[in-house]
Amino acid sequence: MKKRLSILLVLVMIFSLVLTGCGGNEPKKQDEVGDTGKDAGDNGEVISEGLQGILDKGKLVMGTSADYPPFEFHAMIDGKDQIVGLDLEIANHIAEELGVELEIKDMDFDNLLGGLTSGMLDIVIAGMNPDPDRLEEVNFTDIYYEANLSVLIRKTDKDNLKTLEDLEGKGIGVQIGTTQEKIAQEDIKDSKVKSLSKNPDIVMNLKTEKIDCAIMETPVAESFAKVNDDLMVVENLIIDNKSGGVAIAVQKGNDELTEKLNEILSDLVSKGLIDKWLIEADELSSQGL
Ligand code: ARG
C-alpha cells in the first residue's frame, strides 16, 4: 500500500512537471544562455520588452565582458572592484538619458548575444562588431567607435613577426566567439588557434610562451602592451575586422530602442565625448591592469 502511494506521488510529480514545462509564455530559462545563469540576478526573470519595457521597469540591463580595456575592464576604485571603460561611460549616459537605473552583467563574451535573444539583457555593449552573422540574430546601432584589429607579440619576436604571412603556422590567441577568432581560423594559413574566454588569460599565455601572438582590437592590444613591458603591438599591421568598428547590440526587431540609441550615440560622437572617454579609460587602464 505504502509503495503504491509513493508510485502515485511520483506520477503526480511527473505530471505536474510536464504541465509546467509546457506552459506557453513563462520566462525563458537561465540555462539557455549557458553559464550566465549565475549572473541573471534575482531569478533570471528579466524579460526585455523594448524601449517602453525598459522605461516601465525603470532599469536598463547591459551585458558586457569586462576583459577588454579600454572598452570595459575591472579596476579598483576607492578600494572597490568596479567595471569601467568607454562602454560603461556610454551605458551610464544612456541610462541617464532614459531616466532609468543601469544594471551591469559581466559575462563571457560568447554568451552575450544569447543573453540578449533570451531577453535577459536589454543591450550589449562590449566592443562588438556588427558582423553579418550577428546581424541575422540581433539589431545593431550605428558604429560608435571605428577600430580594426592588431597583433600583440613578445618584444623578443620583434624581428620575426612583422606581417600577416609571418603569423602562418603560429600559435594565435583569441577570445572565444569573437571576430578575431574567425579571422585567425579562416584567414591565416595553418594557424594554431587557441581560443580562450578572457583576454587577460590570452595575454598570460603570450607572456609564458604558450602562444606566439594574440589578436584584438587595436586600442585593446595597445592597452595591454602599455602595462606589460615584455609585450608590444606589431607596427603597421592592421587586420580589417570587416565591420569598420563597434556598435551596440539590441534584440532583433527592437527598432524603437535602436533608433533612440542611435540618437544618443550620434550626439555623443558629435560632442567628442566618445574620444574623450576612450582616452580617459585608456589612462585608467594603464594605471594597473
Ligand atoms: N570586436 C570583437 C568582436 O566583436 C571582440 C570584442 C571582444 N569584447 C570584449 N568585451 N571582450 O567579436
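Criteria and thresholds
- Residues numbered from 1 in each chain as written.
- Predicted model: local features only at pLDDT ≥ 70, side-chain atom pairs only at ≥ 80, totals over all residues.
- Heavy atoms only, no water.
- Pairing = 2+ DSSP bridges.
- Helix = DSSP H or I, 4+ residues; strand = E, 2+ residues; numbered from the N terminus.
- Axes fitted to C-alpha atoms, helices over the stretch in contact; angles between N-to-C directions.
- Contact = heavy atoms within 4.5 Å.
- 1 Å grid on protein atoms, 1.4 Å probe; cavity = no way out; pocket = protein on both sides within 12 Å on 5 of 7 lines; lining within 4 Å.
- Points joined across faces, edges and corners; volume = space filled by probe spheres on them.
- Nonpolar A, V, L, I, M, F, W, Y, C, P; charged D, E, K, R; others polar.
- Near = heavy atom within 4 Å.
- Polar contact = N/O pair within 3.5 Å; in protein donor to acceptor, adjacent residues only side chain to side chain.
- Sits in = over half its atoms within 2 Å of the grid points.
- Parallel < 35°, antiparallel > 145°, perpendicular 65-115°, else oblique.
- Left-handed = near helix turned anticlockwise from the far one by under 90°.
- Core = buried A, V, L, I, M, F, W, Y, C linked by side-chain atoms within 4.5 Å.
- Buried < 20%, exposed > 50% of the residue type's maximum accessible area, 1.4 Å probe, protein only.

1. Remarks on the sheet that holds strand β12 (residues 231-233)
Line of reasoning, step 1. Taken in spatial order, the 5 strands make up an open sheet running β10-β9-β11-β8-β12, and their pairing is mixed. If you trace the sheet from one side to the other, it starts and ends with β10 (192-196) and β12, each paired once. Neighbour to neighbour, the strand axes of the sheet diverge by 30° on average, direction disregarded.
Line of reasoning, step 2. Packed onto the sheet, helix α8 (residues 218-227) meets β8 (149-154), β11 (213-217) and β12 and runs at close to 125° relative to β11.

2. Things to note about empty space enclosed by the protein
Line of reasoning, step 1. Evaluation of the coordinates by the stated rule reveals 2 cavities of 30 Å³ or more.
Line of reasoning, step 2. Put simply, the largest cavity is a space of about 90 Å³.
Line of reasoning, step 3. Taken together, 15 residues line the largest cavity, and the ones lying closest to its centre are Tyr68, Phe109, Ala126, Gly127 and Thr178.
Line of reasoning, step 4. Broken down by element, the lining of the largest cavity gets its largest block of residues, 3 residues, from strand β6 (residues 123-128).
Line of reasoning, step 5. Here the lining of the largest cavity is composed, by residue class, of 4 nonpolar, 7 polar and 4 charged.

3. Thoughts on the site of the ligand
Line of reasoning, step 1. The local shell around the ligand holds 16 residues, among which Gly127, Arg134, Gln175, Thr179 and Glu217 are the closest.
Line of reasoning, step 2. Asp67 is positioned such that a nitrogen or oxygen atom in its side chain is 2.8 Å from a nitrogen atom of the ligand.
Line of reasoning, step 3. In the model, a nitrogen atom of the ligand is placed 2.9 Å from a nitrogen or oxygen of the Glu72 side chain.
Line of reasoning, step 4. With respect to the detected pockets, the ligand is housed in the largest cavity.
Line of reasoning, step 5. Those elements that provide at least two residues to the shell around the ligand are β2 (67-68), β6 and α6 (179-186).
Line of reasoning, step 6. Per-element tally for the shell around the ligand: the top contributor is β6, with 3 residues.
Line of reasoning, step 7. Partitioning the shell around the ligand into residue classes produces 4 nonpolar, 8 polar and 4 charged.

4. Points about the packing of helix α3 (residues 86-98) against helix α9 (residues 255-270)
Line of reasoning, step 1. Relative to each other, α3 and α9 sit at 120°, their axes nearing to 11 Å. One element, α3, and the other, α9, form an angle in the oblique class. Along this stretch, α3 crosses α9, giving a crossing that reads as right-handed. In contact with Ile90, His93, Ile94, Glu97 and Leu98 of α3, α9 contributes Lys260, Leu261, Ile264, Leu265 and Leu268.
Line of reasoning, step 2. Tallied by class, the residues present in the contact of α3 with α9 amount to 7 nonpolar, 1 polar and 2 charged.

5. Thoughts on unusual backbone geometry
If a residue is not glycine, its phi is most likely negative; likewise, a peptide bond is most likely trans.
Line of reasoning, step 1. Backbone torsion omega between Pro69 and Pro70 reads 5°, so that peptide bond is classified as cis.
Line of reasoning, step 2. Looking at where Pro70 falls in the secondary structure, it is placed in the loop between β2 and β3 (72-77).
Line of reasoning, step 3. One non-glycine residue, Asp190, lies in the positive phi region at around 55°.
Line of reasoning, step 4. As for its placement among the helices and strands, Asp190 is situated in the loop between α6 and β10.
Line of reasoning, step 5. For Asn236, which is not a glycine, the phi torsion comes out positive at approximately 55°.

6. Considering the pairing of β3
Line of reasoning, step 1. As judged from the 2 bridges shared by β2 and β3, these two strands associate in the antiparallel manner. Residue pairing for β3: Asp67 is matched across the bridge by Phe73.
Line of reasoning, step 2. If you look at the hairpin formed by β2 and β3, you'll find 3 residues sitting between the two strands.
Line of reasoning, step 3. Bridge count for β3 against strand β4 (residues 80-84) is 5 bridges, and the pairing is antiparallel. For Met76, the partnering residue across the bridge sits in β4 and is Asp81.
Line of reasoning, step 4. Counting the residues in the hairpin turn of β3 and β4 gives 2 residues, including Asp78, whose phi is positive at 50°.

7. Brief notes about the nonpolar core
Line of reasoning, step 1. Core analysis: the largest hydrophobic core is formed by 47 residues, its most contacted members being Ile90, Tyr144, Leu152 and Ile248.
Line of reasoning, step 2. A total of 7 residues in this core trace back to one element, the largest contributor, which is α3.
Line of reasoning, step 3. When near neighbours in sequence (up to four residues on either side) are disregarded, Ile90 contacts Ile125, Tyr144, Ile248, Leu265, Leu268, Ile274 and Trp277.
Line of reasoning, step 4. Among the nonpolar cores identified, the runner-up in size contains 16 residues, and Val151, Val174, Ile183 and Ile239 belong to it.

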